Amino acid sequence: MYQPRVLSIQDISCFGKCSLTVALPVISAMGVETAILPTAVLSTHTGGFTGFTFRDLTDDVEPICAHWKKEGITFGSIYTGYLGSFRQLELVGQIFDDFGKGALKLVDPVMGDNGKLYTGFDENFAKGMAKLCGKADIIVPNLTEACYMLGIPYPGDCGREYAKELLKKLTSLGCRIAVLTGVMDCGGKKHGVMAYNSETGEYSEYYSDHVDAKFHGTGDVWASSFCGALALGKTMDEALKIAVEYTVACIKISAGDDEHKYGVRFEECIPLLVDLIGKNK
Ligand code: PXL
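Predicted, not measured: the structure shown is a model, and the values here were computed from it. Going along each chain's sequence as written, the residues are numbered from 1 onward. The predicted nature of this model means local features are confined to residues of pLDDT at least 70 and side-chain atom pairs, given and counted, to a pLDDT of 80 or more, with totals for whole chains, interfaces and linings taken over all residues. The basis for every side-chain value is the complete set of non-hydrogen atoms in the structure, without hydrogens or water.

Draft legend 1. View of the overall build of the protein chain. Within the protein chain one finds nine helices and eleven strands. With the radius of gyration taken over C-alpha atoms, the globule rule is written as 2.2 Å times the number of residues to the power 0.38. For the protein chain, the C-alpha radius of gyration of 17 Å lies close to 19 Å, the compact-globule estimate for 281 residues. Seen through its principal axes, the protein chain has C-alpha atoms that stretch 55 × 45 × 40 Å. We call two residues in contact whenever any of their non-hydrogen atoms come within 4.5 Å of each other. Of the contacts made within the protein chain by residues no fewer than 6 positions apart, 66% connect residues no fewer than 24 positions apart. In the form shown here, the protein chain has an accessible surface area of approximately 12,500 Å², with 51% of it arising from carbon and sulfur atoms. Per the convention used, a helix needs a DSSP run of H or I reaching at least four residues, while a strand needs a run of E reaching at least two, with both numbered from the N terminus. Note on areas: Shrake-Rupley with a 1.4 Å probe; residue coverage comes only from the protein chains shown.

And the structure:
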């Protein structure tokens, strides 16, 4: 039977629940085969931990891809997240050329949040990431990442009208569809996402109640479930809804749990995610 296959390219943060330790379990739980290309191994993610180890795996990327080519391995979707260097941006661009024909290329330009770039990134890297976004079909930045890639000041928060403006600018980077996460509606009571398809000129959006709690890794939870939903053939409207509902449930179940600030308890909401997929069949 046909099983959609995703390749996810990002780091492994051994402890902390983000990047591949989120993408692999979440997309697999959705019934989608998930291959990984780890770009680095860190002892923890870089948010809130100090003294983490970092083993760069950039030199392994080309030999791994050469072997896959020899084996005739192909992917239905390629989903990239946290990438740590210009060389890795270049290599992912090459992977898009080599494995991306007919595949959905989804780039989450993971670089920062709340107006600030994560440790190790700067404006120049954001320009490099913007170039990679030009090779993608769909990009899913948050407001911080969108502003850095467009070289504009971070406005603090973003309502629906401003989101529309930003999304048009984001697709002018060269991607077909841009999705902005962290869009506010109803004066901040609602929180969600908006997508713009530059080919059809259509906007899609989905909002849920705003939950006043911040956790690391929620962007990866959102992007992974969105990727899984698209790989299953869900429409844009369905995929936005599934990913928002799942992420909000993960935040709600984790809210008030200060021992788990490093990452949400996404595992406990996997039954809900499976349920959401079924409802949108
Ligand atoms: O959640 C994004 C992410 C992924 N990987 C690493 C990170 C972060 C965010 O800080 O540090 C290593």
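Draft legend 2. Focus on the sheet that holds strand β2 (residues 33–44). Two strands qualify as a pair provided DSSP detects at least 2 bridges between them. Spatially, β3-β2-β1-β4-β5-β8-β9-β10-β11 is the arrangement adopted by the nine strands of the open sheet, whose pairing is mixed. Unpaired on one side and paired on the other, β3 (54–56) and β11 (202–209) mark the two borders of the sheet. Bridge count for strand β10 (residues 190–197) against β11 is eight bridges, and the pairing is antiparallel. Paired with His191 across the strands is Ser208, a residue of β11. Only the stretch in contact is used when a helix axis is fitted, and all axes are lines through C-alpha atoms; the angle between N-to-C directions ranges over 0 to 180 degrees. Here helix α3 (residues 86–99) sits on the sheet in contact with β1 (5–15), β2, β3, β4 (77–80) and β5 (104–107), set at roughly 175° to β4. Contacting β8 (138–139), β9 (177–185), β10 and β11, helix α6 (residues 160–171) runs over the sheet at an angle of about 160° to β9.

Draft legend 3. Highlighting the pairing of β1. Bridge analysis of β1 against β2 gives nine bridges, and the strand direction is parallel. From the neighbouring strand, Ile12 faces β2, where its bridge partner is Val41. Seen with its strands pointing away from the viewer, a crossover is right-handed when the path leading from the first strand over the helix to the second is clockwise. Of the crossover connections in this fold, the one passing from β1 over helix α1 (residues 20–29) to the parallel β2 is right-handed. Both β1 and β4 contribute to a ladder of four bridges, which runs parallel. Residue pairing in the sheet places Ser8 in a bridge with Tyr79 of β4.

Draft legend 4. Unusual backbone geometry, seen in detail. For Asn114, which is not glycine, the phi dihedral falls at a positive 50°. Mapped onto the fold, Asn114 is located in the loop between β6 (112–113) and β7 (116–117). Despite not being glycine, Cys186 shows a phi value in the positive range, around 55°. Turning to its location among the elements, Cys186 is positioned in the loop between β9 and β10. Here Cys186 falls in the partly exposed class, since its relative accessible area comes to 45%. Three labels apply to residues, based on accessible area from a 1.4 Å probe with only protein chains included: buried if under 20% of the type maximum, exposed if over 50%, partly exposed otherwise in between.

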